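Here's the letter readout for the chains.
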Amino acid sequence: MVTRIGICMIELLKLESTTRLSQHVCGCLKMCLLRSLILLDVKLVSNITFTWFTVLHPSTVIIDTILASRAQETPAFATEEMTILNVKSEDCLSPSTRDQELPASQLCAETVELNANECKDTPEGNPLQVRLLHNFKTSPFLVGILSSSFTSGSCNPRRGYTKIGPYRDWLMQVLLERNVSVTPQDFFPIVCAHRFAILRPRADKLMLERNGDVPVNSLQVESIRDRDLNYIVQLEWPEEAKNVPQMNCAGTFVDEQTVLTLAECVIATTPGGIQPIAAIHVTRFRNVSYPIKSIIVHPNYVKSSQKNNIAVVKLQSRQDVVPACIWTYGVLPDSRVDLTGAGLGSLNNYQNFNFDDDRSFNTFVQPAMDYYPWENCTTELAHLTGNRSSEGFSKNEHLCFRSDQWIVPGVCTDVPGAPVLRYINRAGAYFKYVYALTVAGQTCGYGLPTVAVQLAPHVAWLRSVMLDKRSSDGQGTSDSVIVINPDLKRSDECSNGDGSIGICVPYEMCLSTKERLRKGERVTLCTNGTVVCCPWGDIARNSVVNPIRTELDSCEQRYHSIRRQRYAGLSQNESLYTNLPHVAEIGWPQTNGQMSFNCLGYLISASVIVTTARCLETYPHKPTVARIGAMQASDSSNYVIQTIRRLRVHEDYDPQTGVNNIALLILTTPIEINAHHFPGCLYRNDTHLPTRQFVMSQERETTFFEKISPVYQSDCEESLKATLAPGQLCLLKAQPEGVFRVSNRCLRIGDVIVWEHRTEEEDVLDVVYLVGLFSHGECKVENVQIGTRISFYYDWIITNAK
């Protein structure tokens, strides 16, 4: 086989013109063409092919020329990089076309790097190839055959090549005359790319490019299309608007009811003012349609201009999608982005499939791309927009992206309005941020630039049309403005910004702070949350320091050494520290003499456990013991069992609605504090909730941890069709984009909801805060879960934890 390949290569290298080409198609060359239609690989793979390939932009293609030495009986092959040029024919050393225009059948290429001291005679007939990307791999494609070389010593870096593409029909004719089965389809780039895709080298940089749990380039693009890319939609037009150019546009969910797209994609296309009627997410299995409520085009957009080419589409109802966040800053966080385009699923899947299977359909794909300086992009704008106007492009509003790698035609095509985005790690989670919307391009940035309209310059307008207006009747309350002044400390003179002068005092000494928070007025924190700026007249005189408040307020510092001790022990022997040191199991005596631990609580001091009132209704009789630190404990010495002295249920608890669903358990004696069981802290922020929370649950001696996220009160009430009571919080179970199946496990009354705070310098789990306790809610992942908000009852806990 090696000898035969060598003969085929030599025969190919001897071809000096298309006239002589027909005289040199030997039986070996026919065999090479028949076998695979794969181009000559730089690593001498076992086949050669001729493939019809159109150079999309000759000034920027980087290609390889394969050189062979005639000094040896068996040629030694090497490659060198060439750049295709648009130059005059006299620069290409073509004697037959000297002082004339370069024929359409020829192209010029220039060596990227040339060492004059190592210049050698280059045989005519040498192949010129380009490696094109597909399926996260690259395949070589034959572009031309050297028809004009230079002699040793001249070292002209430019050479003339005869294009192969124009001779496709002739090649088929020659092969058919020799009884070789060949069809026009065999010369299609996608067919050639698929033949030996499984043997081609991987583009490892793309294969390994991942951001956390959600891939930017997936091994299974067609499978993530339904799961991960459902926030990208197309626009559905009414029947009377067939074949409008905007029908190939895309949009992006930026909240559950809002889609961003281009103004040109939604403007009326007929005198009757016809516009899109729905946003649709198309999959192989089903099409989901979201009816449109309203379309708001940027007021300064002018038809056929690229300036202010942006629009907001409001849907009739909220949808179950994970939207993209809007990047509001003018500077991108990374020069690497993910473009969204459309391409054949069979060309974007890492796995090897036959071309004629059911994966040969168009789907959304997201190739990774590099930021391209605007000054390099401007010369190509007219070429990129095609027959559309390029008026209005500017560096203040538009961004450009490009990769030096070229692709097989069909791998990716730009879609107007599609998002340019990236997943960014923030607070331990990956959020997708959309930077811009595609307005012009052909190949998703591969070889040719893609231009997109940036969202950051339009943030003010987007806020004005996307965010709900506050009530104008003055009855609605606003969130408090909490200002942290790190320069203030206790006893410093201060002001809340309303003209009144006060002093920084502990929170419990200021009589007006709670009322100011309730009214939505400004509150200034002096360095931390326990010291506030209090007007002189509102300071409680001769107030007695509450020891319980002092203990709870100082939780972070009080148990810092214990947390460090636990972390050090865990680092040495993880198996000894598997238990949950703050979680308490509440036990009821049974008739058989056993104890039943059916409910959870949270240890907040050495002798106080907080739980739900509903938890204490588990049995008609009262619980008698609490087991602390036993969940996931590896040894009985890691937990403690303590008797309960007193129960305290909230005086306004309503068992029908779950309002004020909170209770305290006071232990007979304080527990011994050590690294296996010690108090956790209470989350005290009244206005905001952490975005990443966990609910701890136990069922049949098995402990479960589920991610759970807060829901805006307005969204929660829309889902419940009821008003959320004071002191309640609304949550949703996590439904990650990268997970096929999600848990519909029911939460149990009293399950603890916590936020884990990690220190920045070491990523060490520092403080675990109790945010809430599960009160009620249905089991399915889409059902909202109602909990008791601990910060709302902070003062009640202090008053009753005696």
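Here the structure is shown first, and the text comes after it.
Since this is a predicted model, take the numbers as computed values, not measurements.

Strand pairs in the sheet, formed through backbone hydrogen bonds, run parallel or antiparallel to each other. The strand order around the closed barrel built from six strands is 31-32-33-36-35-34, with neighbouring strands paired in antiparallel fashion. If you compare each strand with its neighbour and ignore which way they point, the axes differ by 45° on average.

The phi dihedral of phenylalanine 136 falls on the positive side, at around 60°, and the residue is not glycine. You can see phenylalanine 136 is positioned in the loop between strand 4 (127–134) and strand 5 (137–148). For phenylalanine 136, a relative accessible area of 10% corresponds to the buried category. With a phi close to 55°, asparagine 308 is a non-glycine residue in the positive phi region.

The next subject is the side chain of lysine 733. Relative to the elements of secondary structure, lysine 733 occurs in strand 40 (residues 728–733). Buried within the structure, lysine 733 lacks any salt-bridge partner; glutamate 706 is the closest side chain of opposite charge, at an N-O distance of 4.7 Å. Among the polar contacts listed, one links the side chain of lysine 733 to the backbone oxygen of arginine 745, at a separation of 2.4 Å. Reaching out from lysine 733, the side chain makes a polar contact with the backbone oxygen of cysteine 779 at a distance of 2.6 Å.

With four of five residues buried, strand 12 (residues 278–282) is to be regarded as a mostly interior element. Bridging between strand 9 (residues 232–236) and strand 12 involves three bridges; their strand directions are antiparallel. Its bridge partner being in strand 12, glutamate 236 is matched across the sheet by alanine 278. Bridging between strand 12 and strand 13 (residues 287–297) involves five bridges; their strand directions are antiparallel. Note that in strand 13 the partner of histidine 281 across the bridge is valine 288.

The term disulfide refers to a covalent linkage connecting the sulfur atoms of a pair of cysteines. Tallying each qualifying case throughout the model produces 10 disulfides. Cysteine 599 shares a disulfide with cysteine 615; S-S distance 1.8 Å. On the criterion of sequence distance, the pair formed by cysteine 599 in strand 32 (residues 595–605) and cysteine 615 in the loop between strand 33 (608–611) and strand 34 (625–628) is long-range, its members being 16 residues apart. Residue class for cysteine 615 comes out buried when judged on its relative accessible area of 0%. The side chain of cysteine 716 participates in a disulfide bridge whose partner is cysteine 730; the two sulfur atoms lie 2.0 Å from each other. Here cysteine 716 and cysteine 730 share a disulfide; its torsion about the S-S bond, 80°, makes the bridge right-handed. Of this pair, cysteine 716 sits in helix 15 (residues 713–720) while cysteine 730 sits in strand 40, and the two are 14 residues apart along the sequence. Here cysteine 716 matches cysteine 730 in class, with each residue buried.

Here we take up the pattern of salt bridges. Opposite charge on two side chains permits them to pair, given that their charged atoms come into close proximity. Applying the stated criterion across every chain, the model contains 14 salt bridges. Between glutamate 256 and arginine 318 there is a salt bridge; the shortest N-O distance is 4.0 Å. Taken together, the positions of glutamate 256 in the loop between strand 10 (250–255) and strand 11 (258–261) and arginine 318 in the loop between strand 14 (311–315) and strand 15 (325–326) put the pair 62 residues apart, joining distant regions of the chain. Here glutamate 256 falls in the partly exposed class, since its relative accessible area comes to 27%. Among the ionic pairs, aspartate 404 bridges to arginine 402, the shortest N-O distance being 2.7 Å. Connected through shared salt-bridge partners, Glu256, Arg318, Asp715 and Glu718 make up one network.

This brings us to the environment of glutamine 442. Here glutamine 442 lies in the loop between strand 24 (429–440) and strand 25 (450–454). Since its relative accessible area comes to 30%, glutamine 442 is described here as partly exposed. Remark: the alpha-carbon pair of glutamine 442 and glycine 341, spanning 101 residues in sequence, is separated by 9.5 Å. In this structure, glutamine 442 is in contact with His383, Leu384, Cys412, Thr413, Asp414 and Leu448, ignoring residues within four places of it in sequence.

This part takes up the sheet that holds strand 10. Spatial ordering of the closed barrel is given by 9-10-11-14-13-12, a layout of six strands whose pairing is antiparallel. In this sheet, adjacent strand axes meet at a mean angle of 45° when their direction is disregarded. Of the pairings in the sheet, the one linking strand 9 to strand 10 comprises three bridges and is antiparallel in character. By the bridge assignment for strand 10, isoleucine 232 is matched with threonine 252. Each of strand 10, strand 11, strand 13 and strand 14 touches helix 10 (residues 459–466); the most contacted strand, strand 14, lies at about 20° to it.

The next thing to look at is the nonpolar core. Residues Phe401 and Val451 are the most contacted members of the largest nonpolar core, which totals 92 residues. Residues Ile604, Met631, Leu664 and Ala801 belong to the second largest nonpolar core, which totals 28 residues.

Conventions adopted
Position numbers for residues start from 1 in each chain and track the written sequence from start to end. Whole-chain, interface and lining totals are the exception, using all residues; otherwise, since this is a predicted model, local features are given only for residues with pLDDT of at least 70 and side-chain atom pairs are given and counted only at 80 or more. Water and hydrogen atoms were dropped before computing side-chain values, which therefore reflect all heavy atoms in the structure. Any two strands with at least two DSSP-identified bridges between them are counted as paired. Segments assigned H or I by DSSP are reported as helices when at least four residues long, segments assigned E as strands when at least two residues long, and all are numbered from the N terminus. Each axis is a line fitted through C-alpha atoms, and for a helix only the stretch in contact is used; angles between axes span 0 to 180 degrees, taken between their N-to-C directions. Partly exposed residues are those whose accessible area sits between 20% and 50% of the maximum for their type, while under 20% is buried and over 50% is exposed, using a 1.4 Å probe and protein chains only. The charge count treats Lys and Arg as positive and Asp and Glu as negative. His and the chain ends do not count. The working definition used for a salt bridge is a side-chain nitrogen of Lys or Arg within 4 Å of a carboxyl oxygen of Asp or Glu. Within 3.5 Å is the distance limit for a polar contact, defined as a pair of N or O atoms, with the added protein rule that one can donate a hydrogen and the other accept it, and that residues adjacent in sequence qualify only through two side-chain atoms. Note on disulfides: each one is a pair of cysteine sulfur atoms within 2.5 Å. Any two residues whose heavy atoms approach within 4.5 Å are treated as being in contact. Put simply, buried Ala, Val, Leu, Ile, Met, Phe, Trp, Tyr and Cys residues joined by side-chain atoms within 4.5 Å make one nonpolar core.

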